[in-house]
Amino acid sequence: MRHFTSSKAILFSAVLLASVCGPACSGEAEAPIEPKVVFDSASAVWNMGGEALSADKPPLAVHGNVQLGVELSGLERNASLSRGGDGKAAIFDGGYLSFDAPQSNALLLAGDTMTLCLRMRDASGKWDAPLFNAYGPEGKQSLSLAGTNGKEKPMHLRNFFNQNVPSIYYYLFEEPNGFHRVSSSSQMIEFTLGVEPNEDFISFYDKEMKICDECIGDEVHKGEMTVIAPAGLIGSTDWHDIIVRFNGGKVQLFIDGVMVDEDFPVGTLQESVESLFIGAGKKEGNVVSGFQGMMDHAALWTRALSDAEITALSGGQDYAASRQLDIFGPPQQSLQYGRPAGLNIRAGDCIPYYDSNTGVFHLFYLIVRRNHHSKWQCGHGGLQVAHATTKDLVHWKQEELALPITEQWEGFIGTGSCIFNKGLYYWFYPVMSVVQSDAPGGVYAATSPDCIHFEKQLDAPALASGSDNDVFFDKESNRFCMLSAGPREADGRFRLDCYYSDDLANWTREEEPILRDETAFGCPNYFEWNGWHYIVGQSPRKIWRSRQLHGSYTLQMPGELALVKVSKVAAFGENRRISAGFLAEDGWGGDIVMWELTQREDGSVGVTFAPELIPPSGAPLDMAFEALTPGVSGGPGSIRITSTDKPEFAMLAGAPLNARVTLRVNPKNASGRFGVCLRGSGLYESGVELRFDPKAGCVQYGNPEKGKLAEQPISGWFEPYLINDVTGIDRPFDLDIIIKDGIIDANIDHQRTVITRSTLRGERLFFFADNADVEFEAITVRPLLEREMK
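Residues numbered from 1 in each chain as written. Predicted model: local features only at pLDDT ≥ 70, side-chain atom pairs only at ≥ 80, totals over all residues. Heavy atoms only, no water.

1. Considering the overall build of the chain
Summing up its helical and strand segments, the chain has nine helices and 56 strands in all. Taken against the 2.2 N^0.38 rule, which gives 28 Å for 790 residues, the C-alpha radius of gyration of the chain at 28 Å falls within 12% of a compact globule. By its C-alpha atoms, the chain is 90 × 65 × 45 Å across when sized along the principal axes. Within the chain, the fraction of its 790 residues that count as buried is 62%. When the accessible surface of the chain is split by element, carbon and sulfur atoms take 47% of a total near 28,400 Å². Seen as two clouds, the 69 positive and the 102 negative side-chain charges of the chain have centres 4 Å apart. (Helix = DSSP H or I, 4+ residues; strand = E, 2+ residues; numbered from the N terminus. Rg over C-alpha atoms; globule rule 2.2 N^0.38 Å. Buried < 20%, exposed > 50% of the residue type's maximum accessible area, 1.4 Å probe, protein only. Areas by Shrake-Rupley, 256 points an atom, 1.4 Å probe, with all protein chains shown as cover. Lys, Arg positive; Asp, Glu negative; His and termini not counted. Charge placed at Lys NZ, Arg CZ, Asp CG, Glu CD.)

In structure tokens:
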């Protein structure tokens, strides 16, 4: 990620994330707490049992059809009692309860912490009515919990690159064949937190984020921030423990002990001094209700509950863990082609780090919610640093967030680096400050004794004007070096600066940059391999190599080596190098992709599949073969296509949605184009075409239409899904293709990869040649054994 400290502030289930999904998947659970103890510390508790509305509790008035004190039985009663309830509930049939705040100071919510708990059931499954609302002066929203229709929300929002990108509501409720779509219902739980906006933050927003004002500016100036949970994802007609926690840096929505969504407010709570409604709210000054269901209890705290307290109110650790599986599904075993568990969360920039002392490979990676629209889209939308570890690239452990957002002034935490020195691990990361009066931006440091639990050093930045960086030890000078993008010089080229330090505390910039280039050095990466020094620049991704760290560097090639974004390289084992980045999805952030580097004698590098990261697959399938045009011969295992004046096609039917396809491509005459088409349907009516053009040195993906080859490459958010400068495809080469959920990843002769996205779900595999003679040999199709995403 780029980081800007000046005027222009120019990401579903993969693994369990303890600090992302909440206490349900916490690695080290806190000691159990009795629910009664938690309720005893609340500002207000309503058990809905009739007698709970007594003088020693904040009094509630009953309006319309609400029946209090209904005895629960069986499992419903047991569930109520186990959560600190009294085994009784209120039945709402369009009526509501209200509380006049001036009658008591018990609910005077203010400051930057609060917790709301509501155990309820929408028996109708409609989720279309207000549930819990509190208001401040002049009717300003303090808290709002309601059921609403996700399809009525904006499906696209403008981002800070002035592009319309899909919103989370599009992915959940609208995207055709989407792999993240909740198809059973478009209703959802929506919680809105109202804050008194921070004046310094508003000034920052109005100055830096004008381009986004038309889509979220109104929310910013009102001080309203929303978190959601789709009803179809959690169970539309079930009992649910809904808990919202505001701890200053975050507002988080928990369903049944599972943290399903979070965002990052800036400001203090709108004081709830006017009125409070249960089962109703206000719209344009008028009270509206309509909830039809049951409520067991409701409670408010003026503090942020701990994870253990939230678990206690949600049925306990075992129940919360089971709900985690229900909502997000079982974890995948590998991070490859994955992202954190969550309904609106993506993986962004990857920072691999190999600890040679312990043999542990650490994968740090940025996470972003709402397609960059979290934190009112300031900077990069509330980026945080997640962390997973492995010793073999097969078995992964998801650790706690390495660097979460904890302060309101932290606009985002950007791409940095990790290094070990004298018993401590140091993490250097850029932060954009959105409240300069609280803290300046720059490169900050965090330290850890075990490379797991990091403590931020927030007193002052390590570098006041730094940005995305890479830190390593320079053996030649016996000092630490921090690479960071420098300014543009008079000749139009950008600098890649090197800061040196003896102690990782005091840094001095070298006057001469380590490298200059026509494009900016976003998120630089340095690594050494067999006496070669490499520098990787991002956007576009370029690779330079040299025999000396400060020597003359050679650019490997003008184009992309592979179509992943912000990938960095780290050592692994004795003499291997692993590259990790993300495949974008309609914006910044997407799914993690890791490959292994190969090294040639001249020092140039290629990429191939690391054996440990290839998804496991089953036995080869017997597939039905059909020649669609006269120029085809052979059978399902070996197909020859000869084309002279028009494209010729062959087909294998019955391909699984997720598969590994391997073959050897043997061009007899490579004067034209040839390839395969995956997830196809009809007679080459649609699919994902992987085309090889030896004359142009180009490999690209496209979408054919109505029996014709694709006219244009598939267009991605950053650039088309194609690679140039591809050599060796005019002679026999191996082709290895992984098709998993929305991702298609093809490796060409263990040297180049080309990757794309598609939501198509056809079951036909086509082969084609156009003005070429090609034999497709040793064709094997295996189903992937890992489960499909929900």
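Further notes follow.
2. Section: the pattern of salt bridges
One pass over the structure, following the stated rule, counts 43 salt bridges. A salt bridge links Arg303 to Glu309; the nearest nitrogen and oxygen atoms lie 2.8 Å apart. Given a relative accessible area of 29%, Arg303 falls into the partly exposed group. We classify Glu309 as buried; its relative accessible area is 12%. Measuring nitrogen to oxygen at the nearest pair gives 3.6 Å for the salt bridge that ties Asp730 to Arg731. Asp730 gets classed as partly exposed once you look at its relative accessible area, which sits at 43%. Salt bridges sharing partners connect three or more residues here, namely Lys250, Asp261, Glu262, Asp263, Arg369 and Arg370. (Salt bridge = Lys/Arg side-chain N within 4 Å of Asp/Glu carboxyl O.)

3. Describing the nonpolar core
Formed by 98 residues in total, the largest nonpolar core has its most connected members in Phe201, Ile278, Phe364, Trp427 and Phe454. Filtering out sequence-adjacent residues up to four positions away, Trp427 remains in contact with Ile351, Phe364, Val385, Leu403, Gly416, Ser417, Cys418, Tyr444, Ala445, Ala446 and Phe454. Formed by 66 residues, the second largest nonpolar core is a distinct cluster that contains Ala562, Leu583, Val688 and Ile738. (Core = buried A, V, L, I, M, F, W, Y, C linked by side-chain atoms within 4.5 Å. Contact = heavy atoms within 4.5 Å.)

4. Quick look at the sheet that holds strand β51 (residues 722-723)
Spatially, β43-β46-β55-β48-β49-β50-β51 is the arrangement adopted by the seven strands of the open sheet, whose pairing is antiparallel. Whereas interior strands pair on both sides, the edge strands pair on one side only; in this sheet they are β43 (624-627) and β51. Here β43 pairs with strand β46 (residues 648-653) via four bridges, running antiparallel. The residue of β46 that forms the bridge with Phe625 is Leu652. (Pairing = 2+ DSSP bridges.)

5. Digging into unusual backbone geometry
Located in the positive-phi region is Glu284, a residue other than glycine, with phi close to 55°. Tracing the chain through its elements places Glu284 in the loop between β18 (281-283) and β19 (286-288).

6. Some thoughts on helix α5 (residues 199-208)
Along α5, the residues classified as buried are Phe201, Ile202, Phe204, Tyr205 and Glu208. Viewed end-on, α5 has its buried residues packed into an arc of 160°, placing them on one side of the element. With respect to the buried face of α5, the exposed residues turned more than 90 degrees away are Glu199 and Lys207. At the N-terminal end of α5, a side-chain oxygen is found 2.9 Å from the backbone nitrogen of Asp200, two or three residues along, and the residue is Asn198. (Arc of directions from axis to C-beta. Polar contact = N/O pair within 3.5 Å; in protein donor to acceptor, adjacent residues only side chain to side chain.)

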